[in-house]
Amino acid sequence: MNWFKKLLITAIWISIAQTLQAQYHYNAWFCSTLSVPVGNKFKIDTEFQHRRQNGFENKNMFDKNLMFTLRSWVHYQHKEDIKFSFSPFAYFSHYRIIQSKTDETVTPNSEIRFSAAVELQHEIFKKLYVIDRNALEYRIFSNSQSDITRLRARFGVRYEFTEHIKLTVFDELFFNVAGTPIEHVFDHDRIGLNLEYKVLPNLKFDIGYIHLTRLPIIPVTGTSKISENNIILNLTYQLHKRTKTNKVHAIG
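Here the structure is a predicted model, which is why all the values come from computation and not from measurement. (Residues numbered from 1 in each chain as written. Predicted model: local features only at pLDDT ≥ 70, side-chain atom pairs only at ≥ 80, totals over all residues. Heavy atoms only, no water.)

1. What about the pairing of strand E11 (residues 226-238)?
This is how it is decided: For two strands to pair, DSSP has to find at least two bridges joining them. Note on conventions: DSSP H or I runs of at least 4 residues are helices, E runs of at least 2 residues are strands, and numbering of each starts at the N terminus.
When strand E1 (residues 23-38) meets E11, the two strands line up parallel, connected through 13 bridges. Directly across from Gln23, in E11, lies its bridge partner Ile226. As paired elements, strand E10 (residues 203-214) and E11 share 12 bridges and run antiparallel to each other. For His211, the partnering residue across the bridge sits in E11 and is Asn229.

2. Re the pattern of salt bridges
Rules: A side-chain nitrogen of Lys or Arg and a carboxyl oxygen of Asp or Glu constitute a salt bridge if their distance falls within 4 Å. In this scheme, a residue with accessible area under 20% of its type's maximum is buried, one over 50% is exposed, and one in between is partly exposed, where area comes from a 1.4 Å probe on protein chains only.
The final tally for this structure, using the stated rule, is 17 salt bridges. Note that Lys101 and Glu104 form a salt bridge whose closest N and O atoms lie 3.2 Å from each other. Using a relative accessible area of 23% as the deciding quantity, one classes Glu104 as partly exposed. The partner of Glu111 in a salt bridge is Arg113, with the nearest N and O atoms 2.8 Å apart. On the basis of relative accessible area, Glu111 is assigned to the buried category, the value being 1%. Overall, the relative accessible area of 5% leaves Arg113 in the buried class. Connected through salt bridges with shared partners, the residues Glu111, Arg113, Arg133, Glu137, Arg139, Arg150, Arg152, Arg154, Glu172 and Asp187 form a single ionic network.

Pasting the structure below:
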């Protein structure tokens, strides 16, 4: 994994080297997921996501469209502390991140994405878990942008107050390994917290906050960093299963 460490260090230094003043944005992310257990170890999720953003020269995070997403996931719980996930298809409609008045009327760009991930968790103290998730994404855009291969590395801790209430704090780094110039090896970084509340055995809410620092993907030549404040709200409904299921921690 020496190549991985070198690439990670390179991405961090490229991020630090960006000296231009970051522009601030305010977004609201909404997500709903239908989860279907298949047997004792498999689960299929269908996810719909909608993100909103502030308009030009305002801070109203609900003002303009930012993204629509339809994505499927297949999860395999290999062991209690190891989960493999694969997304065979995802469709994204990306609206331009608004930095000028003209950005509000730009036609959205679409993306097809394929993803694979592995998530590990380890209980270090009673009810306190360390979580490590690594993912690989292949992104195909509808415009002239080259296909992009992106790696994601998330590290966090989760504390389970009760069976129904869990708090997670995490940092996730995204960096591009193919399809972008060297200035865009660093894609973006997410630092956040998430509170999960299970209302019913098959219904849960996630509410949280993510501070995000990114380089714009459209245009990919842009080097001015954007700083985002994101409020997140997720709703997950799992169909009832007749047999006892293994405990699975959902991937965000």
